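# Coordinates in review
Here are the chains, one letter per residue:
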Amino acid sequence: MNVMSDIVPEVQPGVFIHNSYTILSNFESANLARVKYVCKQIPGVDEDLEFHLWTNPDCGGTEFECNYKSWFYFALKGGIPGMHVRLNIVSSNNQSKMYSQGMTPVFKVDLGKSDKLNEKFCKTSWSRIKEIPTYQTNNNQEFVLSFSHRSLKNIEATTYYAFTYPYTYTELCNSLSFYEKQFPLPSVLRENNEKNVYFYRETIVKSLENRSVDLLTISSFKGISEERECRLFGLFPDEKPRSHVFKNKKVILMSARVHPGETPSSFVMNGLIKYLISKDEQADILRQNYVFKLIPMLNPDGVVRGFYRTDTRGCNLNRFYLKPSLKLHPSIYAARSLILYHHLGYELRDELIEENSTSTFCSSSNNDGELNTKMKPTILNNDVDSLNILLKKSQLCTADRFTNKGLDSGLYLYVDFHGHASKKGIFMYGNNFDNIVDNIECMVYPTLMTINNQNFHYTSCNFSKHNMYSKDKKFGLSKEGSGRVAVLKYTGLIRSYTLECNYNTGRFVNYIPPKVHFVSERRPIQSVIPPKFTPTVFEQVGISLAISILDLSNLNPNSRLDSSEFKSLAGLRELLRSNIINNCSRNRRLGSKSTSNINVDTPITSKQVNLLFYCNLKYSFYMLLEKHPFQAFFFSF
């Protein structure tokens, strides 16, 4: 057998042509570096063609290049109709564990221009490839993922392949523009019903490559005032007025896509946004009681460039929340500023001006143009050195100076959305505390997710101290700089989480109890087999996050709690308390330090007594195990 191989020429950036085949990566979020073909010829047998494809690492070809290469996204067009072509993705990160669990890439076919109508391109939706891909390590110790492509009869058709379901920056911008048109802000606020949807889009900051990082404010008109929020230092570059101030409403802040390749986070965010602006009764209650601040895409540059984990300077941005730089990490600096502003109720400019001996504050009454007069010359004259001095001073502030134990924080909840390659299911990381009451409160929200989403895995949740301070294997950066841990350190917020969504599937499904008014509920038949995760599954997670907030606040008129094993929030908390005590006792006997440091004898206030002890003993953990062992399995942590 004769084997021929050669490099496929790149005729223009992102366009590789071999005979009648065209391989493309000249579109947004694409990632393909070079192509090589292998042609095997056997007498009497049709030609069997293979392409080896290499992806670019994050920041490839720059001084910031790093070894993140899991994301691929490219297209094939043309070729001999019906011919099978083998595609080998060479030298991507070794994801053998994920592919051994049944993970497959996704594809989409663009049929091209219609011969009859000659109008818009006809596009199908994304799907997982039909075959199970193979993987191996080649002679050069490179990880190789292989699957086949079948050339289509329609010469206008283009087949796209990607690591997982893509979601681009342009798609986000188009969606947000559509919502803006759907919910325009009226000129006279008083004309609005309190139940109407308040939807406001702002550019909180520009990325390193001058792309807008969007901030959404979603609420109802209840509690709205004519007052505008503060234009925070160095942020909100557009002339557009800030969002209105809402009285007596806590803020829920959620963000996504700090890691560009973790597209499940975008679909979770999409599901959340669609639900919050819907006509659903529970969504209306959420808007009436809370103000949602959403940052849908923290790393637009990495998304556009087809990176997997970093920004354009090779930074894992989810490690810089403790001391972000406006110049180097603008979106993280903006997120932290927003968190502190809504935590404190005012902007903290801690000694930004060298000659000021005391901190300057900007109250929420400060409107759009009211930057400190001594800062204006620095910003307007683009005095980079002076600005850097000011920024350096602002970063000297420690978390302890921001945290006020006696402060009634304006924040209620913080969640940052991510994707996950190895651990199956959808789950959360929370923080660890030295007393049992705070640990219980941290665990309540993830537990509520188990009765509202069939794919949420409580057994995969992690609330350990080790998971707060462990360091990355590659670069040694600590998780202490992640959003979840940094928010706790700056604000003392107990409900601070990272949401993780596996790209592929889960290990089991939860039994979802009926709602209180279950007679009117159309309950789908629940499968006991974990589904392959799709954008629809991820969007359902976003909806579940919202509904679980209502349960957490005891505001849900149609909750599943009463039909669950817990029966009430108090029952849920008591069950968690029993498990923590039992777990601590067991670990002390075994000499483990994982939870034995928790003070289970923490003094409990009268309010906490009402929450922890006024529940029926028949719903105790042991009865739950006896009657519903499968549903109770996730508590065996």
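Residues numbered from 1 in each chain as written. Predicted model: local features only at pLDDT ≥ 70, side-chain atom pairs only at ≥ 80, totals over all residues. Heavy atoms only, no water.

## Here's the deal with the overall build of the protein
We apply this condition: The secondary structure listing takes helices from DSSP runs of H or I that are at least 4 residues long and strands from runs of E that are at least 2 residues long, numbered from the N terminus. Think of it in three bands: with a 1.4 Å probe and only protein chains considered, a residue is buried below 20% of the maximum accessible area for its type, exposed above 50%, and partly exposed in between. In this analysis, two residues are considered to be in contact whenever any of their non-hydrogen atoms come within 4.5 Å of each other. Calculation of accessible area relied on Shrake-Rupley with a 1.4 Å probe; when residues are assessed, cover is drawn exclusively from the protein chains displayed.
Per the secondary structure count, the protein includes 17 helices and 24 strands. Within the protein, the proportion of its 637 residues that are buried is 57%. Within the protein, residue pairs in contact and separated by at least 24 positions form 72% of the contacts whose partners lie at least 6 positions apart. Accessible surface, the protein: about 28400 Å² in total, of which carbon and sulfur atoms supply 51%.

## Side note on the nonpolar core
A general tendency of soluble globular proteins is for nonpolar side chains to be buried together. Where we set the bar: Joining through side-chain atoms within 4.5 Å is the link that ties buried Ala, Val, Leu, Ile, Met, Phe, Trp, Tyr and Cys residues into a set, and such a set is a nonpolar core.
Judged by nonpolar contacts, the single largest core of 120 residues is most densely connected at F51, F74, M254 and L499. With ten residues, the top contributor of residues to this core is helix α10 (residues 436–452). Every residue in contact with L499, bar those within four places of it in the chain, is listed here: V268, V415, D416, F417, H418, I426, F427, M428, F456, V541 and L545. Judged by nonpolar contacts, the second largest core, of 39 residues, contains Y200, F236, I332 and Y414.

## Considerations on the sheet that holds strand β18 (residues 250–255)
As a reminder of what qualifies: Only strands joined by at least two bridges in the DSSP assignment are considered to pair. Only the stretch in contact is used when a helix axis is fitted, and all axes are lines through C-alpha atoms; the angle between N-to-C directions ranges over 0 to 180 degrees.
What the seven strands build is an open sheet, ordered β14-β15-β19-β18-β22-β24-β23; its pairing is mixed. With partners counted over all chains shown, the strands left at the sheet margins are β14 (197–206) and β23 (426–429), one partner each. Neighbour-to-neighbour, the strand axes of the sheet open up by a mean angle of 20°, direction not taken into account. With five bridges joining them, β18 and strand β22 (residues 411–420) adopt parallel strand pairing. Considered in β22, the bridge of I252 is made with L413. Along the sheet, helix α2 (residues 169–182) makes contact with β14 and β15 (212–220), crossing β14 at roughly 140°.

## Quick look at the pattern of salt bridges
Formally: Whenever a carboxyl oxygen of Asp or Glu lies within 4 Å of a side-chain nitrogen of Lys or Arg, that contact is scored as a salt bridge.
Overall, the coordinates contain 20 salt bridges when judged by the stated rule. Measuring nitrogen to oxygen at the nearest pair gives 2.9 Å for the salt bridge that ties D408 to K250. One end of the pair, D408, is in the loop between α9 (399–402) and β22; the other, K250, is in strand β18, and 158 residues separate them in sequence. Salt bridges here are not isolated pairs; linked through shared partners, they connect E180, R201, D214 and K240.

## Focus on unusual backbone geometry
In this structure, S91 is a non-glycine residue whose phi angle is positive, near 70°. Here S91 lies in strand β8 (residues 84–92). Residue class for S91 comes out buried when judged on its relative accessible area of 16%. Of note in this structure, Q141 is not a glycine but carries a positive phi near 60°. For Q141, a relative accessible area of 65% translates into the label exposed.

## As for helix α6 (residues 330–344)
Filter applied, for reference: Take the number of residues in a helix, subtract one, and multiply by 1.5 Å to get its expected span.
When the terminal C-alpha atoms of α6 are compared, their 21 Å separation across 15 residues agrees well with the 21 Å that a helix rising 1.5 Å per residue should span. Burial of α6 is extensive: 15 of the 15 residues sit out of reach of the surface. G345 sits one or two residues past α6 and shows a positive phi near 95°.

## Section: the environment of Y321
In this fold, Y321 is placed in the loop between α5 (300–305) and α6. On a C-alpha basis, the gap between Y321 and E480 in space is 8.5 Å, while along the polypeptide they are 159 residues apart.

## Let's talk about the packing of aromatic side chains
Let me state the cut-off plainly: For Phe, Tyr and Trp, rings pair up if their centres lie within 6.5 Å, where Trp contributes its six-membered ring, and each pair is then called stacked (planes under 30 degrees apart), edge-to-face (over 60) or tilted (otherwise). To sit over a ring, a charge needs its Lys NZ or Arg CZ within 6 Å of the ring centre and within 35 degrees of the ring normal.
Applying the stated criterion across every chain yields a total of 26 aromatic pairs. Geometrically, the ring pair formed by Y290 and Y412 is tilted, given 5.0 Å between the ring centres and 40° between the ring planes. Within this pair, whereas Y290 is found in strand β19 (residues 290–295), its partner Y412 is found in strand β22, the two being separated by 122 residues in sequence. Exposure remark for Y412: the relative accessible area of 11% places this residue in the buried category. Between F427 and Y429 the ring centres are 5.7 Å apart and the planes differ by 55°, which places this aromatic pair in the tilted class. Taken together, the aromatic side chains of F27, W71, F72, Y73, F74, W126, F147, Y160, Y161, F163, Y308 and Y503 make up a single cluster linked through ring pairs. Positioned over the ring face of F236 is R242, at 3.7 Å from the centre of the ring.

## Some words on the side chain of R201
For clarity, the cut-off: Two N or O atoms form a polar contact when they lie within 3.5 Å of each other; inside protein one atom must be a possible hydrogen donor and the other a possible acceptor, and for residues adjacent in sequence the pair counts only when both atoms belong to side chains.
Within the secondary structure, R201 is located in strand β14. The class for R201 is buried, based on a relative accessible area of 13%. At 3.0 Å, the side chain of R201 and the side chain of D214 are in polar contact. Not counting chain neighbours up to four residues away, the residues in contact with R201 comprise C173, L176, S177, E180, D214, L215, L216 and K240.

## Observations concerning the pairing of β19
Within β19, six of the six residues are buried, leaving the element largely enclosed by the surrounding structure. Side chains Y290, F292 and L294 project from β19 onto one buried face, and the interleaved V291, K293 and I295 project onto a second face that is buried too. With three bridges connecting them, β15 and β19 associate as antiparallel partners. From the neighbouring strand, L216 faces β19, where its bridge partner is L294. Two elements, β18 and β19, share six bridges in a ladder whose sense is parallel. Note on β19: the bridge partner recorded for V251 is V291.

## Topic: the confidence of the model for the protein
As a reminder of what qualifies: The predictor reports its confidence for every residue as pLDDT, a score running from 0 up to 100.
Summarising the model, the protein shows a mean pLDDT of 83, and 77% of its residues fall at 70 or more. Every residue in residues 115–121 scores below 50 in pLDDT, and together they form six contacts with partners more than four places removed in sequence or on other chains. Under a pLDDT of 50 for its full length, residues 351–382 has, in the predicted model, 58 contacts with residues more than four places off or in other chains.

## So, the environment of V8
Assignment of secondary structure puts V8 in the loop between β1 (2–7) and β2 (10–12). For the pair formed by V8 and N19, sequence separation is eleven residues and the distance between their alpha carbons is 9.6 Å.

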